[in-house]
Amino acid sequence: MTRKLSRRTFAKGIGTAATALTTPIVLSGTASAFSDGDRVESTTDLNTRHRPGTASRVLDTMPSGTVGEVMNGPETKDGYTWWGIHWLNADIWGWSVERYLDSTSPGGGGGGKPSVRYDQAAAGNYGTANRSAGDIRWAIIHTIEGSYQTGINVFNNPDSGVSAHYVVGNDAGQITQMVDDSDIAYTAGNYDYNTTGLNFEHDGFAAEGHPDSLYQNAADIVGWVCEAYDIPKKHPSGVAPADATVGGGVIGHEQVPDPNNPSLGGGANHHGDPGAGWDWGYFMSLL
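Report follows, based on the coordinates. (Residues numbered from 1 in each chain as written. Predicted model: local features only at pLDDT ≥ 70, side-chain atom pairs only at ≥ 80, totals over all residues. Heavy atoms only, no water.)

A closer look at the sheet that holds strand β9 (residues 117-118)
- Strand order in the open sheet made by the six strands is β9-β13-β12-β15-β11-β16, with mixed pairing throughout. Each edge of the sheet is formed by a strand with only one pairing partner; in this case those strands are β9 and β16 (249-252).
- Note that strand β11 (residues 138-143) and strand β15 (residues 197-202) share six bridges and pair parallel. Bridge pairing links A139 to L198 in β15.
- The sheet strands contacting helix α1 (residues 148-156) are β9, β12 (166-168), β13 (175-177) and β15, and the helix crosses β12 at an angle near 160°. (Pairing = 2+ DSSP bridges. Helix = DSSP H or I, 4+ residues; strand = E, 2+ residues; numbered from the N terminus. Contact = heavy atoms within 4.5 Å. Axes fitted to C-alpha atoms, helices over the stretch in contact; angles between N-to-C directions.)

So, the pairing of strand β18 (residues 261-265)
- As judged from the two bridges shared by strand β17 (residues 257-258) and β18, these two strands associate in the antiparallel manner. Pairing of D258 across the sheet is with N261, part of β18.
- Between the antiparallel neighbours β17 and β18 lie two residues.

Observations regarding the nonpolar core
- Counting 27 residues, the largest nonpolar core has F200, I221, V222, V250 and F283 as its most contacted members.
- Secondary structure elements with two or more residues in this core: β11, β12, β15, α3 (212-229) and α4 (280-286).
- Ranked by residues supplied to this core, first place goes to α3 with 10 residues.
- Non-local contacts of V250, meaning those with residues more than four positions away in its chain, are made with A139, I141, V222, C226, P232, K234, H235, P236, W280, F283, M284 and L287.
- Residues V40, L46, Y80 and Y100 belong to the second largest nonpolar core, which totals 16 residues. (Core = buried A, V, L, I, M, F, W, Y, C linked by side-chain atoms within 4.5 Å. Buried < 20%, exposed > 50% of the residue type's maximum accessible area, 1.4 Å probe, protein only.)

Regarding the side chain of D180
- Structurally, D180 can be placed in the loop between β13 and β14 (184-185).
- For D180, a relative accessible area of 4% puts it in the buried group.
- Within the structure, the side chain of D180 is placed 2.4 Å from the side chain of S182, a separation counted as a polar contact. (Polar contact = N/O pair within 3.5 Å; in protein donor to acceptor, adjacent residues only side chain to side chain.)

With respect to the environment of Y186
- Mapping Y186 onto the fold places it in the loop between β14 and α2 (191-196).
- Taking the relative accessible area as the measure of exposure, Y186 reaches 27% and is therefore partly exposed.
- Sequence separation between Y186 and N199 is 13 residues, and the spatial gap between their C-alpha atoms is 8.7 Å.
- Among residues more than four places away in sequence, those in contact with Y186 are G124, N125, Y126, G127, G161, V162, S163, Y191 and N194.
- At a separation of 3.4 Å, a polar atom in the side chain of Y186 contacts the main-chain amide nitrogen of G127.

Examining unusual backbone geometry
- Cis peptide bonds are those with omega within 30 degrees of zero, and the linkage from G73 to P74 qualifies with 0°.
- Along the chain, D273 connects to P274 via a cis peptide bond; the corresponding omega equals 10°.
- Locating P274 in the fold gives a position in the loop between β18 and α4.
- Of note in this structure, D230 is not a glycine but carries a positive phi near 55°.
- When you line up the elements, D230 lands in the loop between α3 and β16.

What to know about the pattern of salt bridges
- A full pass over the atoms with the stated rule returns two salt bridges.
- The partner of D119 in a salt bridge is R117, with the nearest N and O atoms 3.5 Å apart.
- Look at D119 and you get buried, because its relative accessible area is 16%.
- A salt bridge links E227 to K233, with the nearest nitrogen and oxygen atoms 2.7 Å apart.
- The exposure class of K233 is partly exposed, given its relative accessible area of 38%. (Salt bridge = Lys/Arg side-chain N within 4 Å of Asp/Glu carboxyl O.)

Dropping the structure here:
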C-alpha cells in the first residue's frame, strides 16, 4: 500500500489576527496559499492570537514586516483563513489571517506531513516545552481501548490528566493532533519517555485487529514524524532501555519501561497496548 503524502501542517495551538479585524470579509487568498516551512512576513501590525478566531486571546502584536515561519493551517474561522505562525525573532507561536501575510520563500515551502485536524488537549493534560528534533527519539504506539472520538474527548477533559500528540482513526485521513510536537504529552506512564517521545493513540482495542485504513493513517503520520525527527524506522523487541536517551525507534506502550522497575514494560501501570491486535510487521512495512 502506498503512503499518501499531502501538504505539511504543524499544529501549535496558538494563533494571530490583524489588529484592525472587525467583521468577516471575503478572503483574497486560498487554502493552499502557504505550506509548512514557508517564510512569511506581516503586511500590517498583526495581533497574534491563541487560537484561530477573532475572539481568541491576543498574545502579542507583530509589527509590519515581521518574519515568521508557517507551522500549521489553514483553519477557517469567523470568515477568515488562519495560519499558525512561529514569529522567529519574538519566538512566539500564533495564528494570523492569510490576507495580512506575504510569502518570502522563493517557490514556497516543502510538503511532507499529512493533513491533520487540530484540537488542542485541555490545559494541564500536557506539559509546555520547547523540544527540538534532538530531544525526540521514540514514536510510541497506543490503542485507545475505545473509539477515535472517545480518545479526543478524554484528552479534552481537564480532569483526565492525560493526552497524546496524535489521535488516529479508522476513516481515511482521520488524524487529529492534540499536543504540539515540541510539547510533552502525558501518555506513556514514564516521564522520561514522555519527554523523549511522540505518542500516538489509535482507534480500537489491544485484543482486536485494525482495518487497513487505520494502518495507512498511522503510517502516514508516524512515517513523517520519523523522517522529521530522525527517529529510526525500526521496531526493537522487548522492553525499551531504562535510559530513554539511549537508542530510539518505534515502540508500543507495552515496551515502555516501568520507571520504578525497568525490567517490566507498559509504564508505571503496566499497560499492554497496542497488544496482540497490532500487526507490527505490516505496520512497519508501510513506513
